[in-house]
Amino acid sequence: MPQIIQSTVNNWGLPWKKPTRESFKWKFRQKSSQSPSMELLPELATMVLSMAWLGLRQMVGLDTVTTHKSAALSLMSPAIYLATSIPAADNHTSLPSLTIRIDYRLNDPEAGLYFVFPDDEVAPQRHPHMYTHNQASFTRFWMPCIDKSQERCTWEIYCIVPASERDALSPRQRENLTTEAGEDELPMIAVCSGTLIEQSELPDPRKRLFSFLVETPVAASSILLAVGPFQQVPIESWTKKTGQPPQVPEEDSFDYLLDESEDAEPVGYSFCLPGREDEVAYTTEFLGEAAEFLENYLGTSYPFPSYQQVFMEDTFSPLSTGSGINFFSSHLLLRSDVIDQTYESRRLMCRALAMQWIVHYIPPKTWADVWLTTGLAYYITGLFLEKHFGTNEYKYRLKKDMSRVCELDVHQPPLYPVVPSDLDGLPPGPKMIDPLMLPHYHPDDTWSSLRSEFLTLKAPIVIHMLDVRMGKGVVQTVIKKILVSAMSGELPAGLSTHHFLKVARKISEKPEIKTFADQWIYASGCPRFSFQYHFNARKMVLQFKFSQQSTSKGDFGSAPKFTGSFTLRVHGPVDTVDREIHIENTQQSFEIVYNNDMVGRRARKKSLKKARSVLGAADDMADEIDIPDAGVNDGVFEWIRIDPDNEWLCVKEFEQTDYMWAQQLRKDRDVVAQLEVRISF
């Protein structure tokens, strides 16, 4: 069913006219004969048909568009015009093709499409630019579409933009525009999802045409567009694997996107406003390493022909992701003399790159599956950051994130939200909570909200825990299997939580994954574990008492208990022993038999000497040193650690003597062990 949408954005200070070929135009094609597709129409004879007769309000999303007044989007005609040559038939659903053309105008949009202009008081020299933001289903605010991640198609996009920066300003704003002698005015360019296939001048010298083609079927929310006086900076560290150095394109030339040679150009390009080129080059120099890591981990090459990222001022959020393109706030740009923001900037850019595979090439099947694509993207990003910044940095961040999630997971819906079967007269069986009922359900809706922070932190930690439960590296195998299925067309509707867990159970051959999902994905809350120990010197046994409760205890959907294997690590004067216990109930008792050849008076004297050294105690103060059981456990062990490898998302309450904490701080080089000591005091 070929369709066309024409639109004109009237916010550049240019007089608005009836949409023609010089307007913004989007061309869609979709292979499935059951879903609508769009193509540019020639001037053909048309016939008017009723929208109700065709059932088009739901099909093209008009019901959604017209109900959002903030979008300022209105149809220019009382009906939709359809191409002729429609054969007569009683069953109109059997028509082989149908072309729909929608003419509309967009004035002063309040969402989805954003304009940035100079401010006479704050920033009179600011460069004018425009960009779209499609998260939170904002695409419907600036063009009629089926704004669902499951509805994917190919696109052809035609953009008519002002030819220069001066043409984009109003007469009053042009007075503040200054250019140095002999310097030409900055040209306005369009950067969009897909590949640039044409740029040309128009009869009107104040306008310029850019044409883009998206050959990989993607959803409407994956289409991003930005217009401004951008400067292009090649990502020189990310080139096609030919062994030849990249060639930097000439200034104001876009032939790099037209060249089909695989031997000349980098894969990725950055765009920024004038004057920020050096910062962009420094900030993005690591992307080649990130792209290589992602391709090796996922077992497949970058899924789109090219990669573009645009840095702009006053963006709606620090990050917006699209098909083959990402938008970033200019606040993420780094300088070589500032290192404080390096981790956060690189984390966001690597996450945006990972989402090209997980979110835009393989979208979530439903809104409830957003946690899965978010978690996978952040989890893979964390693995790269571990390689890039080191293991200690990764462990430290993981521990801090776990602590934060336990603070946030109070009265929160589950990652995959459900409601009881008897709520408001619903039919039997669990039902998904309407995402529109949950404020800030998608982490990119309002990036600074607590719900956004909660999802972006808990989702990757749950994936991390699942990888530990199934066996190290199994999650990677599952992701590779899913990517192969997507490339073969087996996931036309996207990735669902059910399919992911099904593949995980099949590969790992561990049926307990279902129990894990019931506790961590389909239920809310985090466990609060409390451990108390007593050392029986006569039997050489460590006796533990354990209890647990949920941080969301009493809330609907909270897990009644959490089960699984748990590690206790006992550090002795000579060796370290790990004991694995299995948590099944809310209260349990455990015994660990600990044998050590160093038991005796000599070990006691050695332990006392070390205690004095750590605490800085003199010989005459030895009696004041706090030694458990009046003998440092008779030299059997020095300190105990609970879940030392952070395999559980939980709050751990455990007390040991000051001497044992001091030994842990002095001898254990693990950064998490040292952090635990600091927290204990």
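Residues numbered from 1 in each chain as written. Predicted model: local features only at pLDDT ≥ 70, side-chain atom pairs only at ≥ 80, totals over all residues. Heavy atoms only, no water.

## Description of the packing of aromatic side chains
Evaluation of the coordinates by the stated rule reveals 31 aromatic pairs. Taken together, a centroid distance of 5.5 Å and an interplanar angle of 20° make the contact between Tyr114 and Tyr131 stacked. You can see Tyr114 sitting in strand β7 (residues 113–116) and its partner Tyr131 sitting in strand β8 (residues 129–132), a full 17 residues away along the chain. For the pair Tyr114 and Tyr131, one class covers both residues: buried. Between Tyr533 and Phe544 the ring centres are 6.4 Å apart and the planes differ by 40°, which places this aromatic pair in the tilted class. Of this pair, Tyr533 sits in strand β21 (residues 527–536) while Phe544 sits in strand β22 (residues 541–550), and the two are 11 residues apart along the sequence. Comparing Tyr533 with Phe544 shows no difference in burial state: the two are buried. Members of the aromatic cluster, joined through ring pairs, are Phe516, Trp520, Phe529, Phe531, Phe546, Phe562, Phe566, Phe590 and Trp648. One cation-aromatic arrangement involves Arg397 over Tyr343; the distance from NZ or CZ to the ring centre is 3.8 Å. Sitting above the plane of the Trp648 ring, Arg469 keeps its charged end 4.7 Å from the centroid. (Phe/Tyr/Trp six-rings, centres within 6.5 Å; stacked < 30°, edge-to-face > 60°. Helix = DSSP H or I, 4+ residues; strand = E, 2+ residues; numbered from the N terminus. Buried < 20%, exposed > 50% of the residue type's maximum accessible area, 1.4 Å probe, protein only. Lys NZ or Arg CZ within 6 Å of the ring centre and 35° of its normal.)

## Here we look at helix α11 (residues 474–487)
Counted at 1.5 Å a residue, the expected span for α11 with its 14 residues is 20 Å, and the 20 Å between its end C-alpha atoms agrees. If you check which residues of α11 are buried, you get Val474, Val475, Val478, Ile479, Ile482, Leu483, Ser485 and Ala486. At the exit of α11 stands Gly489, carrying a positive phi of roughly 85°. (Expected span 1.5 Å × (residues − 1).)

## Observations concerning the pattern of salt bridges
Counted by the stated rule, this structure contains 25 salt bridges. Among the ionic pairs, Lys472 bridges to Asp467, the shortest N-O distance being 4.0 Å. Each of Lys395, Arg641, Asp643, Lys652, Asp668, Asp670 and Glu676 takes part in salt bridges that share partners, so that together they form one network. (Salt bridge = Lys/Arg side-chain N within 4 Å of Asp/Glu carboxyl O.)

## A look at the sheet that holds strand β23 (residues 564–571)
The pairing of strands in a sheet happens through backbone hydrogen bonds and is either parallel or antiparallel. Strand order across the open sheet formed by 3 strands is β24-β23-β26, with antiparallel pairing between neighbours. The open sheet has two edge strands with one neighbour each: β24 (576–583) and β26 (639–642). Taken over all neighbouring pairs, the strand axes of this sheet differ in orientation by 20° on average, direction set aside. Relative to β24, β23 runs antiparallel, the two being bridged by 8 bridges. Bridge pairing links Arg569 to Asp578 in β24. (Pairing = 2+ DSSP bridges. Axes fitted to C-alpha atoms, helices over the stretch in contact; angles between N-to-C directions.)

Read these as spatial facts, not as claims about activity.
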